[in-house]
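Below are the chains, spelled out letter by letter.
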Amino acid sequence: MVENLREGCVTDEPHPVFSFSMESSRRNVSLHCAELTLNGWSIRTDRQVGIEYNGPALRAFTKYTAYLQVTDDAGETAKSEVTFETGRFGTKWCADWITDGTYHFKEKKVSPKPMTFYRKLDCGKRVKSARLYATAAGIYDFYINGEKVGKDYFAPGFTSYKHQLQYQTYDVTEQLKEKNELIAVVAGGWAVGVYTFVRRNRIYAKRQALLAEIRITYCDGTEEIVGTDTSWKVTEEGNYREAEFYVGETYDASVDPLKWNWKNAVIEKQKTNPVLLVQYGVPVRAHEEQKPVSVTVTEKGSLLYDFGQNMAGVIRAEITAHKGQKITFRHAEILMNGELYVKPLRSAKQEAVYICKEGRQMYSPRMTYMGFRYVEVLGIGTEDLNLTALALYSDVERIGTFSCANDMLNRLQENILWSAKSNFVDIPTDCPQRDERLGWTGDIALFGRTASYNFHMSRFYEKWLKDVRAEQTHGGGIPMIVPHVMVPTQMELIFTMAVDHWGDACILVPWAEYCSSGNERVLKDMYPVMKKYMKACLFWAGLFSFGKHRYIWKLLHHYGDWCAPGTGLYGWMGRGKWTATACLSNSANLLSKIAEILGEERDAGYYRKISRQAADAYRSILMDGDCRVKNEFQTAYVLPLYYDMLEGDDRRKAAENLARLVKENDYHIGTGFPGTPYVLFALADNGYVDEAYQMLLKDTCPSWLYEIKTGATTIWERWNALREDGTCNTGEEDGTGEMVSFNHYANGAVGDFLYRRILGIEEMEGGYRKFRIAPMPGGNLAWAQGSIDTVYGKISCNWVCEQDHFRIQVTVPAGTVCELQLPGGKKEILGSGEYCFTQRQ
């Protein structure tokens, strides 16, 4: 792979990074050496991951092939190659930003009208190759001769537009003819359209703009560059009449392009001046196509479709209709009394309106997306409509599988996957449906490990972390929303200061990525950010404090035990000094490990000391002699146990206290966002395996399987989003006010336990060069199986409990070492290969 892509890589990175895996029919295979050759430069290495090119400068707009020869420990050799292209490398654009200079958009809380740009292009000669380079202020689709260019949605993607903006590269060689019509549609998107729950618009630009360049090489060797300039035409009277992520989209197929009021485009001066970089993130694409599981006709005559799966996406409609016929598609996650329940959407409408042309036609929104399972359709009958749903999410590769003998746990795994996909829409969002869909840092900080077991997250994470670096404040704080969008109704100080677990995304997410991929570059890139953030944490913890109290982090704002059942907003936040102090200890501990990996030994010692001091403060001040906390709550014990803050008898006492609380709560979950990923580990790793399984398998509210029992197909934001009496908990009773999502991956962080304890697969070195398989059977599970496609190859584990025997089969990739620990404690050190072990129980 080059830059974490197997194919199709276009990069502006002057030092691209390569990795490879090996396969062999032999056991115990290791790498002897590898030789990588590129652009007249070569390197011999014993590494499989993180091989950085350091040869002569790469040229812009050039295709390169890297050649690899590998020799294993037995002297066997293999060869491979990978091809990639370079982007612009800062080359000046032969194009200008263009817009409609007559369009003055002043309204608040609404989105701008989509702009349609047009130009003719006569080639006149045979085209050898052609590349389109394009970006926009807004989101764009490009068409050549009526055919969509590329498969992406919502290009150029969402970044910290003040700092960096992606451009896309498309091979349009086959689309160009002798005479061509170029069309680009630019909607408001994140930059210009309405965004955030206070419905801000024009956050980054006063109106849409387009920047594009087609570089053509003809068969006779001549070249031509066609860029955006004042020769282009523009109108707001195109097919797209309205487009917004929250409201939806209105598309008029009946309008006559010959009657559109075309104007000359003008050169636009941009509000911001970001660095333009070729796409380094993962594009949003259409994936699964869901067919309806039922269609009913409502009393008012509309059609109600149930797609059987909650998701982020759009409908795809095959329609037979008359010109001017108006069809409305309304979306929601749940039904109440047989109708769409839209109250949780708040100001979001989630509607797609299509005005038909004559005859058969197809419509699918492209300038918006919805969070939904149910769709109500008005204005057409079932005989004239074939409706499906397309799941839209960033094109992250699935790498993990998990299944077991319990069907409800298997459904839980599916729910985790679907919530992840629904919220990986260019950035890691909180939810895909209401007027939010923001890059909340706390959600991904706590879900990152689970995400990395299930998906190849490297490019997705690196893109978002580039924004985290850009948005860090001078004081070291990390905004709670990245890319940072100011919400005027909140205190801006609070939204940009150091906040436990939320701001710690700058440490937790890179660490999750490193553990999964062995990617040291992400640690190097983020290390200065981590250090600056930790300094901010220590400042707030120590302000107005002395002695051990300097490590009790109370100030200034914490979300605490966010969304814990049984309490409300002020109850969650009131637990902040426990969650924050534990977080301070954990992040300092992780930072010490990262410093060691990067060779920063002095820093490693300093942060190790900070971690111990914060742990000691937690034990001495926030716990009594029996390791109890005042006004006990589960997370107060979960965090110090999982974060390894307690030793010996103190650890035993805290585990006893947690197990007692869990039992007293009838094994129901009692944790909020910070504790939920770790509660089962805190139990199982401290001698309470049965209690961990009882909590995992509990199916009454609040619990993971309660959601499954009620028919959920994604993870909920609140444990009691649907109460046992069938009513919806919109948060009005606990001070959060209409805060309920049925597609929120945070509580799905339990997926980490499915892989690391039920299957038992856990890295011991970054990227699984050395790893452990140590399953913890329980809960009457008869079997479990799963796999992870790592950078070294596939790791798999399949165990079965058969009467009085335990049998396990494992696969170890070439170049790695596995420490297998059987439930009875017996250990085996395994090189690459396939193995089977059986032991009596």
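Before any of the text, the structure's been laid out above.
Anyway, here's the lowdown on the structure attached to this text.

Each value, and the rule that gives it
- Residues numbered from 1 in each chain as written.
- Predicted model: local features only at pLDDT ≥ 70, side-chain atom pairs only at ≥ 80, totals over all residues.
- Heavy atoms only, no water.
- Helix = DSSP H or I, 4+ residues; strand = E, 2+ residues; numbered from the N terminus.
- Rg over C-alpha atoms; globule rule 2.2 N^0.38 Å.
- Buried < 20%, exposed > 50% of the residue type's maximum accessible area, 1.4 Å probe, protein only.
- Axes fitted to C-alpha atoms, helices over the stretch in contact; angles between N-to-C directions.
- Parallel < 35°, antiparallel > 145°, perpendicular 65-115°, else oblique.
- Left-handed = near helix turned anticlockwise from the far one by under 90°.
- Contact = heavy atoms within 4.5 Å.
- Salt bridge = Lys/Arg side-chain N within 4 Å of Asp/Glu carboxyl O.
- Phe/Tyr/Trp six-rings, centres within 6.5 Å; stacked < 30°, edge-to-face > 60°.
- Pairing = 2+ DSSP bridges.
- Polar contact = N/O pair within 3.5 Å; in protein donor to acceptor, adjacent residues only side chain to side chain.
- Core = buried A, V, L, I, M, F, W, Y, C linked by side-chain atoms within 4.5 Å.
- Nonpolar A, V, L, I, M, F, W, Y, C, P; charged D, E, K, R; others polar.
- Disulfide = S-S within 2.5 Å.
- Expected span 1.5 Å × (residues − 1).

**Topic: the overall build of the chain**
Stage number 1. Per the secondary structure count, the chain includes 15 helices and 45 strands.
Stage number 2. For 841 residues, the compact-globule formula gives about 28 Å, and the C-alpha radius of gyration of the chain, at 28 Å, lands near that figure.
Stage number 3. Projected onto its principal axes, the C-alpha coordinates of the chain cover approximately 80 × 70 × 60 Å.
Stage number 4. Here the chain, with 841 residues, has 63% of them falling under the buried criterion.

**Re the packing of helix 3 (residues 458–471) against helix 6 (residues 520–542)**
Stage number 1. One can describe the packing of helix 3 onto helix 6 by two numbers: an axis separation of 10 Å at closest approach and a directional angle of 20°. Judged by the angle between their axes, helix 3 and helix 6 are roughly parallel. For the pair helix 3 and helix 6, the sense of crossing is left-handed. Seen from helix 3, the contacting residues are Glu462, Leu465, Val468 and Arg469; seen from helix 6, they are Arg521, Val522, Asp525, Met526 and Val529.

**A word on the pattern of salt bridges**
Stage number 1. Summed over the entire model, instances satisfying the criterion amount to 60 salt bridges.
Stage number 2. Between Arg330 and Glu351 there is a salt bridge whose closest N-O contact spans 3.5 Å. Highlighted residues: Arg330 in strand 26 (residues 326–332) and Glu351 in strand 29 (residues 351–355), separated in sequence by 21 residues.
Stage number 3. Arg330 sits in the partly exposed class, given a relative accessible area of 21%.
Stage number 4. Ionic pairing is found between Lys827 and Glu819, a salt bridge with its closest N-O pair at 4.0 Å.

**Quick notes on the packing of aromatic side chains**
Stage number 1. Enumeration according to the criterion identifies 56 aromatic pairs in this entry.
Stage number 2. Here Tyr64 and Phe84 contribute two aromatic rings whose centre-to-centre distance is 5.8 Å and whose plane-to-plane angle is 25°, an arrangement assigned as stacked. Taken together, the positions of Tyr64 in strand 6 (residues 63–72) and Phe84 in strand 7 (residues 77–86) put the pair 20 residues apart, joining distant regions of the chain. Pair check on accessibility: Tyr64 and Phe84 agree, each one buried.
Stage number 3. Members of the aromatic cluster, connected to one another through ring pairs, are Tyr153, Phe154, Phe158, Tyr161, Trp190, Tyr195, Tyr204, Phe245, Tyr246 and Tyr369.

**Remarks on the pairing of strand 31 (residues 370–378)**
Stage number 1. Burial runs high along strand 31: eight of the nine residues are buried.
Stage number 2. Sheet topology note: the strand 25 (residues 303–321)/strand 31 ladder contains seven bridges and is antiparallel. Bridge pairing in strand 31 places Met311 opposite Phe372.
Stage number 3. Direction of pairing for strand 26 relative to strand 31: antiparallel, over a ladder of five bridges. Among the inter-strand pairings, Ala332 is bridged to a residue of strand 31, identified as Tyr374.

**Considerations on helix 13 (residues 689–697)**
Stage number 1. What helix 13 keeps buried is the set Glu691, Ala692, Tyr693, Met695 and Leu696.
Stage number 2. Of the surrounding elements, those touching the buried residues of helix 13 are helix 1 (407–423), helix 10 (634–642), helix 11 (648–664), helix 12 (679–684), helix 14 (704–709) and helix 15 (751–759).

**A short note on unusual backbone geometry**
Stage number 1. In this structure, the amide linkage connecting Val482 to the following residue, Pro483, adopts the cis form with an omega of -5°.
Stage number 2. Assignment of secondary structure puts Pro483 in the loop between helix 3 and helix 4 (492–496).
Stage number 3. Cis geometry marks the peptide bond from Cys701 to Pro702, where omega comes out at 0°.
Stage number 4. Tracing the sequence through the fold places Pro702 in the loop between helix 13 and helix 14.
Stage number 5. The phi torsion at Asn631 lies on the positive side, around 50°, for a residue other than glycine.

**A look at the environment of Asp644**
Stage number 1. The residue Asp644 is located in the loop between helix 10 and helix 11 in this model.
Stage number 2. Here the side chain of Asp644 touches Arg651 through a polar contact of 3.3 Å, side chain to side chain.

**A closer look at the nonpolar core**
Stage number 1. In terms of nonpolar packing, the biggest core is built from 253 residues, with Phe329, Phe424 and Leu696 touching the most fellow members.
Stage number 2. Per element, the largest residue contribution to this core is 13 residues, and it comes from helix 6.
Stage number 3. Apart from the residues lying within four places of it in its own chain, the contact partners of Leu696 are Leu409, Leu412, Leu680, Trp704, Leu705, Val750, Phe753, Leu754 and Ile758.
Stage number 4. One finds Tyr53, Leu58, Ala66 and Phe84 within the second-largest nonpolar core, a separate group that totals 21 residues.

**Examining the sheet that holds strand 44 (residues 827–830)**
Stage number 1. Strand order in the open sheet made by the four strands is 38-39-43-44, with mixed pairing throughout. Two strands close off the open sheet at either side, each with one partner strand: strand 38 (761–763) and strand 44. Sheet twist, expressed as the mean angle between neighbouring strand axes with direction ignored, is 20°.
Stage number 2. Contacts from helix 15 reach strand 38 and strand 39 (770–773), with the element oriented near 105° to strand 38.

**Remarks on the sheet that holds strand 9 (residues 115–122)**
Two modes of strand pairing occur in sheets, parallel and antiparallel, and in both the strands are linked by backbone hydrogen bonds.
Stage number 1. Taken in spatial order, the six strands make up an open sheet running 12-11-14-9-17-20, and their pairing is antiparallel. Among the strands making up the open sheet, the edge pair consists of strand 12 (147–148) and strand 20 (263–264).
Stage number 2. Here strand 11 (residues 139–144) pairs with strand 12 via two bridges, running antiparallel. Of the residues in strand 12, the one forming a bridge with Tyr143 is Lys148.

**Here we look at the packing of helix 2 (residues 441–454) against helix 15**
Stage number 1. Their axes nearest at 8 Å, the elements helix 2 and helix 15 cross at an angle of 65°. Every pair of crossing elements has a handedness; the one defined by helix 2 and helix 15 is left-handed. Residues Arg449, Thr450, Tyr453 and Asn454 of helix 2 touch helix 15, and the partners they reach there are Gly751, Asp752, Tyr755 and Arg756.
Stage number 2. Tallied by class, residues from the contact of helix 2 with helix 15 come to two nonpolar, three polar and three charged.

**Looking at the state of the cysteines**
Stage number 1. Within the structure shown, the criterion is met by zero disulfides.
Stage number 2. The thiol of Cys123 is unpaired, and the distance to the nearest cysteine sulfur, on Cys219, comes to 11 Å.
Stage number 3. For Cys123, a relative accessible area of 8% gives the class buried.
Stage number 4. Given the relative accessible area of 41%, Cys219 is considered partly exposed.

**A short note on helix 1**
Stage number 1. Taking 1.5 Å of rise per residue, the 17 residues of helix 1 would be expected to cover 24 Å, and the 24 Å separating its terminal C-alpha atoms lies within 8% of that figure.
Stage number 2. The element helix 1 is extensively covered by neighbouring structure, given that 13 of its 17 residues are classed as buried.
Stage number 3. Backbone nitrogen of Met408 and a side-chain oxygen of the N-cap are separated by 2.8 Å at the start of helix 1; the cap is Asn406.

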